[in-house]
Amino acid sequence: MNRLVNQPANRPANRSMHRPDVILTGIKPTGSPHLGNYIGAIRPALALARRSPEAHALYFLADYHALTLVKDPVRFRDLCHELAATWIACGLDPDRQVFYRQSDVPEVFELSWILSCSTSKGLMNRAHAYKAQVDRHTRGHMRSGGDVDAGDVEAGVNMGLYSYPILMAADILLFQAKYVPVGRDQEQHIEIARDIAARFNRSFGDVLTLPLYLSDPSTAEIPGTDGRKMSKAYNNTIPLFGSREQLRRAIFGIKTDSSPPGAPKDPGTSLVFQIYRQFADEDRTDTMRNRLVQGRITWKAAKEELFDLIDGLLERPRAVYEELMADRSRIDRLLEAGACSARELARPTMEIVRQAVGR
Ligand code: ADP
Ligand code: TRP
């Protein structure tokens, strides 16, 4: 991940001058983490921190964002622990990076309210996640032959979903984050955070840093087993830290075309190959590409190789993951310590923001 996709001039907020750059990203615990989350968000975010030792890197569980969807408290807690263990198993080092749970940082919610008071409702109306939900409801009503009434179609949209982008802006702006590594589906949210910051600055002075998203087009949208974007919402994921059996089953469930065993196969349209290339080095990727093109490998054998590759790479992280999941109080302690550091980093921004609005 090395390309700035949205490059407008980033006027530095005067408050953030002479401070290290801040890299920040979060994931919401709404389901078990999958290969798309790893390749699109976790791996590039950790690589960015490694490449920028002078920057402050913050990673967090966007747990209160998940409340728009998750209504079962036991499952909620499990998902938070799973996500925390996933980050650490994938290489996050809590001694070097600030790792915390959003809900342990109350300043996020204070800033979220302040920002919502200078954010127009129209900006929220344009957010993809909200629009997609309204579309789903509208289609549902049309299918059932009913008149489409604005009240009905919005009934399934909770206010958390509606104002989700403002909370996300608060997550980012609270730390004056400059770079936010995310997959493609989150790019609009970062643009909204920029708009929110710019509007706040127009009213109150040069207070907030305008963030930029970072996403690499080659990893920004990993396909799931059915060819759509891999997503918890589509039930097409390959789990990161499920059992080996679950991993095998998911990989063998990847959709392939019906080319017979000895026929040439198109790597460009092959989901198996698109996932394989994210994990294999260049030599192995070239070999696999040639074998497909020359019809020297069956889909079954290609899936077997994909399984062996991922399973081998996950062996050590899986051990770390399982060890952490067996000692959840250790996860909680790590997150609490991270929240103390995060609150310390957030304090100067909140002081300036409160002062700027006249409190
Ligand atoms: P999901 O769609 O499964 O609910 P999230 O919205 O929780 O995933 O995404 C967490 C992070 O992982 C975000 O930065 C998102 O852009 C990234 N991400 C999710 N799915 C993919 C994917 N299929 N390819 C690349 N990145 C992804
Ligand atoms: N909306 C992000 C997702 O669905 C999670 C998130 C919340 C986030 N706050 C953030 C990501 C701040 C980056 C920065 O994955």
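Use the structure listed above.
Overview of the structure. (Residues numbered from 1 in each chain as written. Chains lettered and ligands numbered in written order. Predicted model: local features only at pLDDT ≥ 70, side-chain atom pairs only at ≥ 80, totals over all residues. Heavy atoms only, no water.)

Description of helix α10 (residues 187-204)
Thinking step 1. For α10, which comprises 18 residues, the first-to-last C-alpha distance of 26 Å matches the rise-based estimate of 26 Å (1.5 Å per residue) to within 8%.
Thinking step 2. Turning to α10, its buried residues number three or more, namely E187, Q188, H189, I190, I192, A193, R194, I196, A197, A198, F200 and N201. (Helix = DSSP H or I, 4+ residues; strand = E, 2+ residues; numbered from the N terminus. Expected span 1.5 Å × (residues − 1). Buried < 20%, exposed > 50% of the residue type's maximum accessible area, 1.4 Å probe, protein only.)

Considerations on the site of ligand 2
Thinking step 1. Taken together, 14 residues are adjacent to ligand 2, and G26, K28, Y164, D171 and Q186 come closest.
Thinking step 2. Y164 is positioned with one of its side-chain polar atoms (N or O) 2.6 Å from a nitrogen atom of ligand 2.
Thinking step 3. One nitrogen or oxygen atom from the side chain of D171 is found 2.7 Å from a nitrogen atom belonging to ligand 2.
Thinking step 4. Relative to its unbound accessible surface of 370 Å², ligand 2 loses 94% to contact with the protein.
Thinking step 5. One can see that ligand 2 is located within the largest pocket.
Thinking step 6. Those elements giving two or more residues to the shell around ligand 2 turn out to be β1 (22-27) and α9 (164-173).
Thinking step 7. No other element matches α9, which puts four residues into the shell around ligand 2. (Near = heavy atom within 4 Å. Polar contact = N/O pair within 3.5 Å; in protein donor to acceptor, adjacent residues only side chain to side chain. Areas by Shrake-Rupley, 256 points an atom, 1.4 Å probe, with all protein chains shown as cover. 1 Å grid on protein atoms, 1.4 Å probe; cavity = no way out; pocket = protein on both sides within 12 Å on 5 of 7 lines; lining within 4 Å. Sits in = over half its atoms within 2 Å of the grid points.)

Some remarks on the pairing of β1
Working note: regular strand, side chains alternate between the two faces of the sheet.
Thinking step 1. Of all six residues making up β1, five are buried, and the element is well covered by its neighbours.
Thinking step 2. Relative to strand β2 (residues 56-61), β1 is paired through six bridges, and the arrangement is parallel. Paired with I23 across the two strands is A57, which belongs to β2.
Thinking step 3. What joins β1 to β2 is helix α1 (residues 35-51), and the crossover it makes is right-handed. (Pairing = 2+ DSSP bridges. Right-handed = clockwise from strand over helix to strand, strands pointing away.)

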